[in-house]
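Letter by letter, the chains look like this.
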Amino acid sequence: PISQRIRLLLSDYARQVTAVNYHTFLKTTLEQAGVTLKIREGTRFWQEELPQLFSNLMARKPVKFDAIIVDEGQDFREEYWITIEELLKPGGYLYIFYDPDQDLYRGSRSFPIEEEPFLLRENCRNTRKICSAIREMTDVTLPPRAGLPEGCDVVVRTARGAQAQVKELGAILHQLVNKDGIKETDIVILGGHRIENTSLAGLQ
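Not measured: the values here are computed from a predicted model.

Novice: I'd like a rundown of the overall build of the protein, residues and numbers included.
Specialist: Counting secondary structure elements, the protein contains six helices and two strands. Helices (α) and strands (β) of the protein occur, in sequence order from the N terminus, as α-α-α-β-α-β-α-α. Here the C-alpha atoms of the protein give a radius of gyration of 22 Å, more than 25% beyond the 17 Å that 2.2 N^0.38 yields for 204 residues. Judged by the C-alpha coordinates and their principal axes, the protein covers about 60 × 40 × 35 Å. Expressed as a percentage of the 204 residues in the protein, the buried residues total 20%. Considering only residue pairs separated by 6 or more positions, the protein has 48% of its internal contacts joining residues 24 or more positions apart. Just so you have it, the protein exposes about 16,100 Å², and 52% of that area is on carbon and sulfur atoms. The average position of the 26 basic charges and that of the 29 acidic charges among the side chains of the protein differ by 5 Å.

Below is the structure:
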């Protein structure tokens, strides 16, 4: 979704800016160059074979960028950085944003940048009350940035079993939409799993 958003915002610069996830970029570039891909099940194709095929292509038909910005750098493996560096023009700019607390895939911590990282220590995205709740529930201490709104109280509700969870969520949504007047399009439901693996599977 973030790459789609960036493409929309920079649509006037579509020829100068490429915004896409890593594996889609490799796959699309290879296919445009006429390379036939045999996509196989499992992680080996995406983690090892696709980057190697791309490196082989770059040796024959190099593609270069003036600047590369990598988001979610903690998810990148060692093989990925090799291909990233191959895409960068000599003297080009490389920026990597990463969060070691979100290292879900046990990616590489060896980044192709020698400088010390610039640490982003302020919470810029939540209300002050959410920041306080985070401090109480975790060992993460990110002070709220000046100017953040106070926000509503953080409420914790517990429901055991799929049926009870759906009922509880329905009650929360009813309160937000029908009583508090919040638009449905302004509500986001976040979960720790794909929706088909939760109590909301099959629900609209």
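Novice: Describe in detail the packing of helix H2 (residues 22–32) against helix H3 (residues 44–60), supporting the description with residues and values.
Specialist: Working note: a packed helix pair is described by the angle between its axes plus the distance between those axes. It is at 10 Å that the axes of H2 and H3 come closest, and there the two elements cross at 45°. Considered as vectors, H2 and H3 are oriented oblique to each other. Crossing of H2 against H3: the hand is left-handed. Here H2 contributes Tyr22, His23, Phe25, Leu26, Lys27, Thr29 and Leu30 to the contact with H3, which in turn contributes Trp46, Leu50, Pro51, Leu53, Phe54 and Leu57.

Novice: Can you lay out the side chain of Thr83 for me, pointing to particular residues and giving the numbers?
Specialist: Tracing the chain through its elements places Thr83 in helix H4 (residues 78–87). By relative accessible area, Thr83 is classed as buried at 1%. Within the structure, the side chain of Thr83 is placed 2.6 Å from the side chain of Tyr22, a separation counted as a polar contact. A polar atom in the side chain of Thr83 sits 2.6 Å from the backbone oxygen of Tyr80. Among all residues touching Thr83, those that are not within four sequence positions of it are Tyr22, Pro51, Phe54 and Ser55.

Novice: Quick rundown of the environment of His174? Include the residues and the values.
Specialist: Looking at where His174 falls in the secondary structure, it is placed in helix H6 (residues 162–179). Residue class for His174 comes out partly exposed when judged on its relative accessible area of 41%. As a C-alpha pair, His174 and Leu8 span 166 residues in sequence and 33 Å in three-dimensional space. Of the polar contacts made by the side chain of His174, one reaches the side chain of Asn178; its length is 2.7 Å.

Novice: Give a detailed account of a nonpolar patch on the surface, specifying residues and quantitative values.
Specialist: Taken together, the side chains of Ile2, Ile6, Leu9, Leu10, Tyr13 and Val17 make up a nonpolar region of the molecular surface, amounting to roughly 530 Å² of accessible area. Summarising the element assignment, Ile2 is placed in helix H1 (residues 2–9). Of the residues examined, Ile2 reaches a relative accessible area of 55% and is grouped as exposed.

Novice: So what's going on with the nonpolar core? Residues and values would help.
Specialist: In terms of nonpolar packing, the biggest core is built from 22 residues, with Ile68, Val70 and Ile84 touching the most fellow members. Secondary structure elements with two or more residues in this core: H2, H3, strand E1 (65–70), H4 and strand E2 (88–96). In terms of residue count, H3 provides more of this core than any other element does, five residues in total. Setting aside chain neighbours within four positions, we find Ile84 in contact with Tyr22, Ile68, Val70, Phe76 and Leu94.

Novice: Go over the environment of Glu122 with me, naming the residues and quoting the values.
Specialist: The topology assignment puts Glu122 in the loop between E2 and helix H5 (128–137). With 19 residues separating them along the chain, Glu122 and Thr141 place their C-alpha atoms 8.9 Å apart. Not counting the four nearest positions on each side in its chain, Glu122 is found in contact with Leu142, Pro143 and Arg145.

Cut-offs applied
Residues numbered from 1 in each chain as written. Predicted model: local features only at pLDDT ≥ 70, side-chain atom pairs only at ≥ 80, totals over all residues. Heavy atoms only, no water. Helix = DSSP H or I, 4+ residues; strand = E, 2+ residues; numbered from the N terminus. Rg over C-alpha atoms; globule rule 2.2 N^0.38 Å. Buried < 20%, exposed > 50% of the residue type's maximum accessible area, 1.4 Å probe, protein only. Contact = heavy atoms within 4.5 Å. Areas by Shrake-Rupley, 256 points an atom, 1.4 Å probe, with all protein chains shown as cover. Lys, Arg positive; Asp, Glu negative; His and termini not counted. Charge placed at Lys NZ, Arg CZ, Asp CG, Glu CD. Axes fitted to C-alpha atoms, helices over the stretch in contact; angles between N-to-C directions. Parallel < 35°, antiparallel > 145°, perpendicular 65-115°, else oblique. Left-handed = near helix turned anticlockwise from the far one by under 90°. Polar contact = N/O pair within 3.5 Å; in protein donor to acceptor, adjacent residues only side chain to side chain. Patch = residues over 30% accessible without salt bridge, like charges linked within 9 Å, V, L, I, M, F, W, Y side chains within 5 Å. Salt bridge = Lys/Arg side-chain N within 4 Å of Asp/Glu carboxyl O. Core = buried A, V, L, I, M, F, W, Y, C linked by side-chain atoms within 4.5 Å.

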